[in-house]
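Secondary and tertiary structure notes
Single-letter residue listing:
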Amino acid sequence: MILNFAKLFRCQRKVQGQICVSLRKFHQEVVQVTWEKPDFGWTKLNFDGSVRYKTGMGSIGGVLRNHKAEFILGYAESIGKTTSTIAELTALQRGIDLVLENGWYNVWFEGDEKRLLEIIANRIPIGSKEIQRQTGHINSILGELDNYKMTHIYREGNKTADTFAKLGHKLDKPCIWRCSPPKEVLRFVREDAEGKINERIRKKMS
């Protein structure tokens, strides 16, 4: 009997490939992500920064909502060439400025860059001088609020702020929307208010 080694080798590779795919699936899990309303008397700010890979041009955006998940205010702005970290910080700082201008003093801040939120919350002096300058300034103006908290949410639950940030790339000047959001974000505002569950695939911790 003559063995066809080429055919046997192809079969082995096919089987090994199937095993690898199965192992990759085994080490993944589905995380359910949902935007949450703030408590009564609180205002929630979701913010985000966006940087285009090819050009390095950045923009920022954010959205403020009340305890009924009603849209209060949204903002977007192009900020020129920058880094993703600076864009995130600028988006948060602009949001805090608007919070103080409008007299909201119990505020829940939420973004999708977990490490950055930890740096701010724990006042960790790391990164470039510009990053340290901005985080220092943010912490100083946060002190003007009566109460605040800062949490991380996966990008799948931050779609409204993400859309505002991407909208900023198209703008020639900073824009603020009050009471009614632009059509580009209406769908996500509605889905957040309805408690839509978004799924995120992530690797399991071994």
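Residues numbered from 1 in each chain as written. Predicted model: local features only at pLDDT ≥ 70, side-chain atom pairs only at ≥ 80, totals over all residues. Heavy atoms only, no water.

Going by what an unreviewed UniProt entry lists, the chain is known as Ribonuclease H domain and is assigned to Macleaya cordata.

To continue, consider the overall build of the chain. Counting secondary structure elements, the chain contains six helices and eight strands. Going from N to C terminus, the chain has its helices and strands arranged as α-β-β-β-β-α-β-α-α-β-α-β-α-β. Burial status across the chain gives 41% buried among its 206 residues. In the chain, the share of contacts with a sequence separation of at least 24, taken over all contacts with a separation of at least 6, comes to 74%. (Helix = DSSP H or I, 4+ residues; strand = E, 2+ residues; numbered from the N terminus. Buried < 20%, exposed > 50% of the residue type's maximum accessible area, 1.4 Å probe, protein only. Contact = heavy atoms within 4.5 Å.)

Among the nonpolar cores identified, the biggest contains 26 residues, and L92, I96, F109, I120 and L142 are the most heavily contacted of them. Counting residues per element, the ones that place at least two in this core are β2 (43-51), β3 (57-65), β4 (71-81), α2 (84-101), β5 (106-111), α3 (114-121) and α4 (129-142). The biggest single contributor to this core is α2, with eight residues. Each residue touching L142, except ones within four places of it in the same chain, is listed here: I96, F109, I120, Y148 and M150. (Core = buried A, V, L, I, M, F, W, Y, C linked by side-chain atoms within 4.5 Å.)

Overall, mixed pairing links the six strands, which are arranged β6-β5-β2-β3-β4-β7 in an open sheet. In this open sheet, the two edge strands, each paired with only one partner strand, are β6 (147-152) and β7 (175-178). On average, each strand axis in the sheet is tilted by 15 degrees relative to the strand beside it, whichever way the strands run. Where β2 meets β3, eight bridges bridge the pair, whose relative direction is antiparallel. Of the residues in β3, the one forming a bridge with L45 is L64. Here α3 sits on the sheet in contact with β2, β5 and β6, set at roughly 150 degrees to β6. (Pairing = 2+ DSSP bridges. Axes fitted to C-alpha atoms, helices over the stretch in contact; angles between N-to-C directions.)

Structurally, the position occupied by T163 is in helix α5 (residues 159-167). In terms of polar contacts, T163 uses its side chain to reach the backbone carbonyl oxygen of K159, at 2.7 Å. Sequence-distant contacts of T163, that is, excluding residues within four places in its chain, are made with E184, V185 and F188. (Polar contact = N/O pair within 3.5 Å; in protein donor to acceptor, adjacent residues only side chain to side chain.)

Let us look at the packing of α2 against α4. Where α2 contacts α4, the two axes come as close as 10 Å, and the packing angle between them is 20 degrees. Here α4 runs roughly parallel to α2, going by the angle between their axes. Handedness of the α2/α4 crossing: left-handed. Between α2, through T85, I86, L89, T90, L92, Q93, I96, D97 and L100, and α4, the contact on the second element is made entirely by E130, I131, Q134, T135, H137, I138, I141 and L142. Of the residues that constitute the contact of α2 with α4, the class distribution is nine nonpolar, six polar and two charged. (Parallel < 35°, antiparallel > 145°, perpendicular 65-115°, else oblique. Left-handed = near helix turned anticlockwise from the far one by under 90°. Nonpolar A, V, L, I, M, F, W, Y, C, P; charged D, E, K, R; others polar.)

Turning our eyes to something else, we now look at the layout of surface pockets. Taken as a whole, the largest pocket spans an internal volume of roughly 180 Å³. Along its surface, the largest pocket is lined by 13 residues, and S84, T85, E88, E113 and L116 are the ones closest to its centre. In the lining of the largest pocket, the residues fall into five nonpolar, four polar and four charged. (1 Å grid on protein atoms, 1.4 Å probe; cavity = no way out; pocket = protein on both sides within 12 Å on 5 of 7 lines; lining within 4 Å. Points joined across faces, edges and corners; volume = space filled by probe spheres on them.)

Our next topic: the packing of aromatic side chains. According to the stated counting rule, one finds three aromatic pairs in the structure shown. Where F71 meets F164, the ring centres are 6.3 Å apart and the plane angle is 15 degrees; that geometry is what we call stacked. In this pair, F71 sits in strand β4 while F164 sits in helix α5, placing the two residues 93 residues apart along the sequence. Pair check on accessibility: F71 and F164 agree, each one buried. Pairing F109 with Y148 gives two aromatic rings, centres 6.3 Å apart and planes at 65 degrees, and the pair type is edge-to-face. Separated by 39 residues along the polypeptide, F109 in strand β5 and Y148 in strand β6 bring together distant segments of the chain. (Phe/Tyr/Trp six-rings, centres within 6.5 Å; stacked < 30°, edge-to-face > 60°.)

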